[in-house]
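# What the coordinates show
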Amino acid sequence: MGKTIAEKILSQHAGQDLRAGDFAVCPIDFCFGQDGTSGIIIDRFKALGIAHVFDKNRFAIVIDHSAPSPNMGVSAVHKKLREFADEKGLLLYDIGCGVCHQIIPEMGHVVPGDLVLGADSHTCTYGALGALSTGVGSTDLAISLASGKNWFKVPESIKIIIKGKLPKGVFSKDLILRVIGDLGADGGTYKSVEFYGPAISSLSMDSRFTICNMGVELGAKFAIIPADKVTLSWLTNLEARRNGAGLRQPVLVAADKDAVYSVVKEYDISQLSPQVAKPHTVDNNAMIEEVEGTHIDEAFLGTCTNGRLEDLTIAAKILKNKKVHKHVRFIVAPASRSIYLEAMKQGLLAIFIEAGASVVTPGCGPCVGTHNGVPSVGEAVISTANRNFKGRMGNPDASIYLASPATVAASAIEGYIADPRKYLRT
Ligand code: SF4
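Think of each chain on its own: its residues are numbered from 1, step by step along the sequence as written. For a predicted model such as this one, the threshold for reporting local features is a pLDDT of at least 70, and the threshold for listing and counting side-chain atom pairs is 80 or more; totals across whole chains, interfaces and linings nevertheless cover every residue. Side-chain measures were taken over the full set of non-hydrogen atoms in the model, leaving aside hydrogen atoms and water.

### So, empty space enclosed by the protein
In this analysis the probe radius is 1.4 Å and the grid spacing 1 Å, with only protein atoms considered; a cavity is a set of points the probe fits into but cannot get out of, a pocket is an open set with protein on both sides within 12 Å along at least five of seven lines, and lining residues have an atom within 4 Å of a point. Grid points are joined across faces, edges and corners, and a volume is the space filled by probe spheres set on the points. On inspection of all chains with the given rule, the structure shows two cavities of 30 Å³ or more. There is about 60 Å³ of room inside the largest cavity. Taken together, F171, S172, K173, D206, S207, T210, N306, E310, D311, I314 and P405 make up the lining of the largest cavity. Taken together, the elements giving at least two residues each to the lining of the largest cavity come down to α6 (172–183), α8 (205–213) and α12 (309–319). As a working rule, the residues Ala, Val, Leu, Ile, Met, Phe, Trp, Tyr, Cys and Pro are called nonpolar, Asp, Glu, Lys and Arg charged, and the rest polar, with Gly in that last group. Of the residues assigned to the lining of the largest cavity, the class counts are three nonpolar, four polar and four charged. As a volume, the second largest cavity reaches approximately 30 Å³. Forming the boundary of the second largest cavity are 13 residues, of which F389, G391, N395, A398 and I400 lie nearest the centre. Here a helix means four or more residues in a row that DSSP labels H or I, a strand means two or more in a row labelled E, and each is numbered from the N terminus.

Now the structure itself:
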């Protein structure tokens, strides 16, 4: 009987023949915490009474969730993280570097075949590189920081095959919102979700990150797109951008033909229209036609889901020579400093600013609700983020709609949820 990708990568790491349902302790290739979780990681690590971290090149702290600090309490946490990183000689990505899920791959900390843990739920993002990566709590992460290992229950796997070609004005965010709407927020609970098919193979890495980022919105442990020539080309470009600084050797892992899946689903997205997740759950899926015309007060372009260069480029194409509607606050948060810089060089930021946007520090922006655009009572936000739970952006009496960068840009112009396809005919 063949193996799935999760069974193979966990077996390779454990040095044992593992199958779904088995438990194993595996060495970790990289792990990290962000500013909301690293304070507890440090406390738990210190409580273990161990003086040294397992490998100071395989752990990072990313200050991204509330960056720059919005208040004294957060400033105290940031100070604690900086002091710990200094004391132990650890990698620290401070304010302005960007969102952890952009920084970790962008800095070459993950390669295909890796096993990566992060004290953040959207760590599943790096499955786009053909790695196994998942979010854990701060206590579990502290154990990895001390030992370089962690325990896993090998998950069952789901195979999702996406056929067809994305229509004009429809993007990978629409595709994954459709899948989540169909399978439900618990449709992949503690499963490893493998994505296949011509529609997946033709996606850029930026689009693939969007898909795997939202794997956890199915409840998945892992979300994986097997590494292929697109992945390898992205890694080659990354090495070039890092002035030849070497990456760890990628290990391309493919599932066996006779691997066993608990669920196999097929979709044809040739006729897919732009999708929107309505308040207050990610699986509350609607076609654009059902929600078009809904009033919005704020539009947000950014996050670890859709704050990459491709996303900014799509939005800028729609916003060029246009103005944001007078009752909309349009906030743009590039996912990293290098994306911010590249967007500036390419004139994308000028397009946003001339349209009336506020471009904020690379990082999580208003996604988690600590600063940078908390909506007021009764207001509606259209966002490229991955979650729309009550209170997600800092106000339980606001409503959040999730959509692609194109839909967010079109909606920012019109002041209500708008179909982006009419802006992308050429
Ligand atoms: Fe979490 Fe949002 Fe930051 Fe992503 S951008 S890591 S979802 S707070």
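What follows continues from the structure just given.
### Topic: α6
A helix is expected to span 1.5 Å multiplied by its residue count minus one. Its 12 residues give α6 an end-to-end C-alpha distance of 17 Å, which sits within 8% of 16 Å, the value for a rise of 1.5 Å per residue. Residues of α6 that are buried include every one of S172, K173, D174, L175, I176, L177, V179 and I180, and no others. Just past α6, the residue G184 takes up positive phi, approximately 90°. For each residue, the accessible area found with a 1.4 Å probe, counting protein chains only, is set against the maximum for its type, and the residue is called buried under 20%, exposed over 50%, and partly exposed in between.

### Focus on the nonpolar core
Of all hydrophobic cores here, the largest spans 98 residues; its most connected members are I162, F195, L319, F330 and F352. With six residues, the top contributor of residues to this core is α12. Listed in part, the 40 residues of the second largest apolar core include L10, A142, L145 and Y196. Remark: nonpolar core denotes a set of buried residues (Ala, Val, Leu, Ile, Met, Phe, Trp, Tyr, Cys) joined through side-chain atoms within 4.5 Å.

### Description of a nonpolar patch on the surface
On the surface, F23, V25 and W151 cluster together into a nonpolar patch covering about 360 Å² of accessible area. By the secondary structure assignment, V25 is in strand β1 (residues 23–27). Residue classification places V25 among the exposed residues on the basis of a relative accessible area of 51%. Candidates for patches are residues over 30% relative accessible area with no salt bridge; among them, like charges are joined within 9 Å and nonpolar side chains (Val, Leu, Ile, Met, Phe, Trp, Tyr) within 5 Å. Surface exposure here means Shrake-Rupley accessible area, sampled with a 1.4 Å probe, where a residue is shielded only by the protein chains that are shown. What counts as a salt bridge is simple: a side-chain nitrogen of Lys or Arg found within 4 Å of a carboxyl oxygen of Asp or Glu.

### A word on the sheet that holds strand β6 (residues 132–135)
Ordered in space as β4-β3-β2-β5-β6, the five strands form an open sheet in which the pairing is parallel. Here the strands that pair on one side only, and so sit at the sheet edges, are β4 (91–93) and β6. Averaged over all pairs of adjacent strands, the angle between strand axes in this sheet comes to 20°, irrespective of strand direction. Every residue pair with non-hydrogen atoms within 4.5 Å of one another is taken to be in contact. Where helices are involved, their axes are fitted lines through C-alpha atoms of the stretch in contact, as for all axes, and angles between N-to-C directions lie from 0 to 180°. Set on the sheet, helix α5 (residues 138–147) makes contact with β2 (30–34), β3 (59–62) and β5 (115–119); between it and β5 the angle comes to about 130°. Pairs of strands are assigned from DSSP output, requiring at least two bridges between the strands.

### Observations regarding the packing of α12 against helix α15 (residues 405–414)
At a minimum axis distance of 8 Å, the contact between α12 and α15 shows a crossing angle of 30°. Comparing the axis directions of α12 and α15 gives the class roughly parallel. Every pair of crossing elements has a handedness; the one defined by α12 and α15 is right-handed. Residues D311, I314, A315, I318 and L319 of α12 form the contact with α15, whose participating residues are P405, A406, A409, A410 and I413. The scheme is simple: roughly parallel for angles under 35 degrees, roughly antiparallel for over 145, roughly perpendicular for 65 to 115, oblique for anything else. Left-handed describes a crossing in which the near helix is turned anticlockwise from the far one by less than a right angle; the clockwise case is right-handed.

### Comments concerning the packing of aromatic side chains
Whether two aromatic rings pair depends on their centres lying within 6.5 Å, for rings of Phe, Tyr and Trp, where Trp uses its six-membered ring; planes under 30 degrees apart make the pair stacked, over 60 edge-to-face, and the rest tilted. Within this structure, the stated rule accounts for five aromatic pairs. On the numbers, 5.9 Å between centres and 75° between planes, the contact of F45 with F84 is edge-to-face. A residue pair is termed long-range when its members are at least 10 positions apart, and F45 in helix α2 (residues 38–47) and F84 in helix α3 (residues 72–88) qualify at 39 residues. Each member of the pair, F45 together with F84, is buried. A centroid spacing of 6.3 Å and a plane angle of 80° characterise the contact between F330 and F352, whose relative ring orientation is edge-to-face. With F330 in strand β15 (residues 329–333) and F352 in helix α14 (residues 348–355), this residue pair connects regions lying 22 residues apart in the sequence. Under the relative-accessibility criterion, F330 is labelled buried at 2%. For F352, a relative accessible area of 0% translates into the label buried. Only when the NZ atom of a Lys or the CZ atom of an Arg is both within 6 Å of the ring centre and within 35 degrees of the ring normal do we say a charge sits over the ring. The aromatic ring of Y196 is capped on one face by K159, whose charged end is 5.3 Å from the ring centroid.

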